[in-house]
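Here are the chains, one letter per residue:
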Amino acid sequence: DAKTTQPNSMESNEEEPVHLPCNHSTISGTDYIHWYRQLPSQGPEYVIHGLTSNVNNRMASLAIAEDRKSSTLILHRATLRDAAVYYCSDGGSNYKLTFGKGTLLTVNP
Amino acid sequence: DVKVTQSSRYLVKRTGEKVFLECVQDMDHENMFWYRQDPGLGLRLIYFSYDVKMKEKGDIPEGYSVSREKKERFSLILESASTNQTSMYLCASTFGTWGNQPQHFGDGTRLSIL
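How each quantity is defined
Residues numbered from 1 in each chain as written. Chains lettered and ligands numbered in written order. Predicted model: local features only at pLDDT ≥ 70, side-chain atom pairs only at ≥ 80, totals over all residues. Heavy atoms only, no water. Helix = DSSP H or I, 4+ residues; strand = E, 2+ residues; numbered from the N terminus. Rg over C-alpha atoms; globule rule 2.2 N^0.38 Å. Buried < 20%, exposed > 50% of the residue type's maximum accessible area, 1.4 Å probe, protein only. Contact = heavy atoms within 4.5 Å. Areas by Shrake-Rupley, 256 points an atom, 1.4 Å probe, with all protein chains shown as cover. Phe/Tyr/Trp six-rings, centres within 6.5 Å; stacked < 30°, edge-to-face > 60°. Buried area = accessible area lost by both parts, 1.4 Å probe. Salt bridge = Lys/Arg side-chain N within 4 Å of Asp/Glu carboxyl O. Polar contact = N/O pair within 3.5 Å; in protein donor to acceptor, adjacent residues only side chain to side chain. Nonpolar A, V, L, I, M, F, W, Y, C, P; charged D, E, K, R; others polar.

Caption draft 1: Broad picture of the overall build of chain A. In terms of helices and strands, chain A carries zero helices and 11 strands. Listing each helix as α and each strand as β along chain A from the N terminus yields β-β-β-β-β-β-β-β-β-β-β. For a compact globule of 109 residues, the expected C-alpha radius of gyration is about 13 Å, and chain A comes in at 13 Å, within 12% of that figure. On the principal axes, the C-alpha backbone points of chain A span a range of 40 × 30 × 20 Å. Buried positions account for 46% of the 109 residues belonging to chain A. Counting only contacts in chain A whose residues sit at least 6 apart along the sequence, the fraction spanning at least 24 positions is 55%. Entry remark: accessible area of chain A is about 5,500 Å², with carbon and sulfur atoms responsible for 47%.

So this is what it looks like as structure tokens:
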């Protein structure tokens, strides 16, 4: 079975960078890596995804290890609005994604 | 923007009832998914559908069935609700046939089975 693991919680200070790690122990060569975040009382929201090379968008950056067994979501300057549960996932070659259990990010003012 | 709408935010039902959770998306997406979300367990896939009338079991399909008669609508059915099905249920949709497109989620239905 696919195994996607991430820390239960992390803490950061406002305006500092945050690096959220994820291990993708059973990822296959054609599986994409996705990250989502979830605010209270809302459904998960897409953040970023990639296959092999690092990716940037207006929300975050995604760093993917050369062997693709790990990825890191980078928030360059955390704000209070970034406090959320962050989910990494991988998959897609059979239509579905396997999600980790989520990392609760706390941002201190 | 893609809109995924779940028919109810909160629902309370009794043990043994047949329960329908409805999900509608407005972007002509081929793929639709039902997940349940429980504390400490993250998101777990129940069923997904990659086309009208097509369905595939996810990781935890026991006690559930699904229906997709129209492309925009995907229903989750609890044939005989039990207390262990009390949970947050999330619907999602995505375009395309591979994992290179983001999934778009609804805001969830919090279901309580008494």
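That shown, we press on.
Caption draft 2: Inspection of the packing of aromatic side chains at higher detail. Enumeration over the complete set of coordinates arrives at 10 aromatic pairs over all chains. A centroid spacing of 5.6 Å and a plane angle of 55 degrees characterise the contact between Y36 of chain A and F99 of chain A, whose relative ring orientation is tilted. On the criterion of sequence distance, the pair formed by Y36 of chain A in strand β4 (residues 32-38) and F99 of chain A in strand β10 (residues 97-99) is long-range, its members being 63 residues apart. What makes Y36 of chain A buried here is its relative accessible area of 0%. For F99 of chain A, a relative accessible area of 9% gives the class buried. An aromatic cluster of at least three residues, connected via ring pairs, comprises Y36, Y46, Y87 and F99 of chain A together with F33, Y35, F48 and F105 of chain B.

Caption draft 3: Broad picture of the interface of chain B and chain A. Contacts between the two partners involve 24 residues from chain B and, on the opposite side, 22 residues from chain A. Across the interface of chain B and chain A, roughly 1,900 Å² is buried in total on both sides, 60% from carbon and sulfur atoms. Here chain B is connected to chain A by zero salt bridges. Scanning the region where chain B abuts chain A turns up five residue pairs in polar contact (both at pLDDT 80 or more). Listing elements by their share of the side of chain B that touches chain A, those giving two or more residues are β4 (31-38) and β5 (42-51) of chain B. Of the residues that constitute the side of chain B that touches chain A, the class distribution is 11 nonpolar, 10 polar and three charged.

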